Amino acid sequence: MTEKKSGRIAVPFLITIFVGLIIIGGMAYGVYRYFGFGKEDAPPEPTPRISQQITYEDNHTILFILDEPEQKCSETFILMRSLPVKKELVFIGIPTNTIAIVDGEQQSLQGSYDRGGAASAVSFTESVFGITIDRYMKFDPESFKKICDIFGGVTYAVNADIAGFKNDGSQQYMKSEQIETFVTYSMFKGGESERAFTAASVLSAMINQADGKRIADSFDTNFNIIINMVDSNITSVDYKNRKTAVKNMFENGSSIAITLSLDGTAADSDFIASDNFISSLRDQYFSD
């Protein structure tokens with residue numbers, strides 16, 4: 001009789017314990033989930049790509065000035081129009097003896113520069129071309145040679161009787177010192193007009209012959225080096241706003257630089273730019 005009674009008690013007791021464990025376990029699981037324990041973190045959302053769209057707003061114009069008084073040569077003036085959307089850089093050499101009527105009186109590029117420096121040269125060029133020049137960069141001998149070294153020199157056809165060069169029109173490789181000598185040579189047969197075109201053409205060739213990806217990859221470093229060597233009104237903000245577009249030209253463009261010969265008329269020792277040429281230039285490259 002006793003054994004049968006113990007069996008009847010044991011079965012309900014085990015059932016009670018089993019049900020209790022289920023209830024307690026359920027409550028514990030609910031608390032566990034409520035506080036987020038054991039919850040697998042969802043994979044993070046991918047970081048959205050931040051890209052800068054290149055537009056016509058990235059177009060800009062810079063007047064380059066090479067000032068080397070020790071070379072006994074006039075300054076060198078080159079106008080650059082940068083068109084990142086088209087992956088194109090347009091260079092125009094401006095003769096120092098260019099004259100025009102500005103503010104009711106005849107002025108020259110050289111005279112404007114002599115009176116008021118780079119800012120006055122910019123104003124004169126704006127008046128002649130009927131354009132806005134965003135910034136200027138004035139190079140001295142050291143900064144000019146440094147920029148030539150960065151691009152790696154140039155191979156160019158030399159047809160001037162300069163010591164150390166072959167005067168036969170053949171292609172010759174020039175390092176920075178030779179480039180400096182060549183573009184500041186004052187005895188070109190075509191005078192200042194030829195020298196201005198030659199300087200712009202050498203610059204275009206140097207850019208096109210350089211390794212564009214190498215230039216793009218080192219753009220930040222080289223900009224910091226050059227901007228601290230030149231006289232310029234280009235700011236760090238200007239660079240930040242334009243660098244993506246400019247780097248894209250160098251990295252993805254092909255033969256991005258072209259040179260235009262400034263059409264005009266020689267009048268004694270002066271040069272008068274062609275109105276038709278300037279009008280065509282504005283329509284093609286400055287009408288964004």
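All values derive from a computational prediction rather than experimental measurement.

Peer 1: So what exactly am I meant to see when it comes to the overall build of the protein chain here?
Peer 2: Along the protein chain, the regular secondary structure elements total nine helices and twelve strands. A total of 288 residues make up the protein chain; the buried ones form 41% of that total. Look at the contacts in the protein chain between residues 6 or more apart in sequence, and 63% of them connect residues 24 or more apart. When the accessible surface of the protein chain is summed, it comes to about 16,700 Å², and 53% of that surface belongs to carbon and sulfur atoms.

Peer 1: How should I be thinking about the pattern of salt bridges in this particular structure?
Peer 2: One side chain can pair with another of opposite charge once the charged atoms of both are near each other. In the structure shown here, the tally under the stated rule is seven salt bridges. Where Glu142 meets Lys145, a salt bridge forms, and the shortest distance between an N and an O atom there is 3.6 Å. Of this pair, Glu142 and Lys145 both sit in helix H3 (residues 141-151), three residues apart, which is roughly one turn of that helix. Residues joined in a network through salt bridges with shared partners are Glu142, Lys145 and Glu180.

Peer 1: Any chance you could explain unusual backbone geometry here in plain terms?
Peer 2: Trans is the common state for peptide bonds, and a negative phi is the common state for residues other than glycine. A positive phi angle, near 55 degrees, is found at Lys87, a position not held by glycine. Here Lys87 lies in the loop between strand E2 (76-83) and strand E3 (88-94). For Lys87, a relative accessible area of 31% translates into the label partly exposed.

Peer 1: What exactly am I supposed to notice about the packing of helix H4 (residues 176-183) against helix H5 (residues 191-209) here?
Peer 2: What describes two packed helices is the angle between their axes and the distance between those same axes. With their axes 9 Å apart at the nearest point, H4 and H5 run at an angle of 155 degrees to one another. Taken together, the axes of H4 and H5 lie roughly antiparallel to each other. Listed contacts from H5 to Ile179, Phe182 and Val183 of H4 are Arg195, Thr198, Ala199, Val202 and Met206. Residues that form the contact of H4 with H5 fall into these classes: six nonpolar, one polar and one charged.

Peer 1: What should I look at first to understand the nonpolar core in this one?
Peer 2: Inside soluble globular proteins, nonpolar side chains tend to come together where they are buried. Ranked by internal contacts, the top residues of the largest apolar core, which has 47 residues, are Leu89, Phe91, Ile179, Phe182, Ile207 and Phe250. With seven residues, the top contributor of residues to this core is H5. In this view, Phe91 contacts Phe64, Ile78, Leu79, Met80, Ala200, Leu203, Ser204, Ile207, Ala257, Ile258, Thr259 and Leu260; residues no more than four positions away in its chain are not counted. Listed in part, the 29 residues of the second largest apolar core include Ile65, Phe77, Leu83 and Ala121.

Peer 1: How should I be thinking about the environment of Tyr156 in this particular structure?
Peer 2: Along the chain, Tyr156 turns up in strand E7 (residues 154-157). Residue classification places Tyr156 among the buried positions, given a relative accessible area of 15%. Remark: the alpha-carbon pair of Tyr156 and Met206, spanning 50 residues in sequence, is separated by 8.7 Å. Within the structure, Tyr156 has its side chain in polar contact with the side chain of Ser201 (distance 3.1 Å).

Peer 1: Quick question: what am I supposed to make of the layout of surface pockets here?
Peer 2: Remark: the empty space left among the atoms is shown by a probe the size of a water molecule rolled over them. When its volume is computed, the largest pocket comes out at roughly 950 Å³. In terms of lining residues, the largest pocket is bounded by 42 residues, among which Ile62, Phe64, Met80, Met137 and Phe219 are the most central. Among the elements that take part in the lining of the largest pocket, helix H8 (residues 236-252) stands out by supplying eight residues, more than any other. Counted by class, the lining of the largest pocket contains 31 nonpolar, six polar and five charged residues.

Reading guide: rules and limits
- Residues numbered from 1 in each chain as written.
- Predicted model: local features only at pLDDT ≥ 70, side-chain atom pairs only at ≥ 80, totals over all residues.
- Heavy atoms only, no water.
- Helix = DSSP H or I, 4+ residues; strand = E, 2+ residues; numbered from the N terminus.
- Buried < 20%, exposed > 50% of the residue type's maximum accessible area, 1.4 Å probe, protein only.
- Contact = heavy atoms within 4.5 Å.
- Areas by Shrake-Rupley, 256 points an atom, 1.4 Å probe, with all protein chains shown as cover.
- Salt bridge = Lys/Arg side-chain N within 4 Å of Asp/Glu carboxyl O.
- Axes fitted to C-alpha atoms, helices over the stretch in contact; angles between N-to-C directions.
- Parallel < 35°, antiparallel > 145°, perpendicular 65-115°, else oblique.
- Nonpolar A, V, L, I, M, F, W, Y, C, P; charged D, E, K, R; others polar.
- Core = buried A, V, L, I, M, F, W, Y, C linked by side-chain atoms within 4.5 Å.
- Polar contact = N/O pair within 3.5 Å; in protein donor to acceptor, adjacent residues only side chain to side chain.
- 1 Å grid on protein atoms, 1.4 Å probe; cavity = no way out; pocket = protein on both sides within 12 Å on 5 of 7 lines; lining within 4 Å.
- Points joined across faces, edges and corners; volume = space filled by probe spheres on them.

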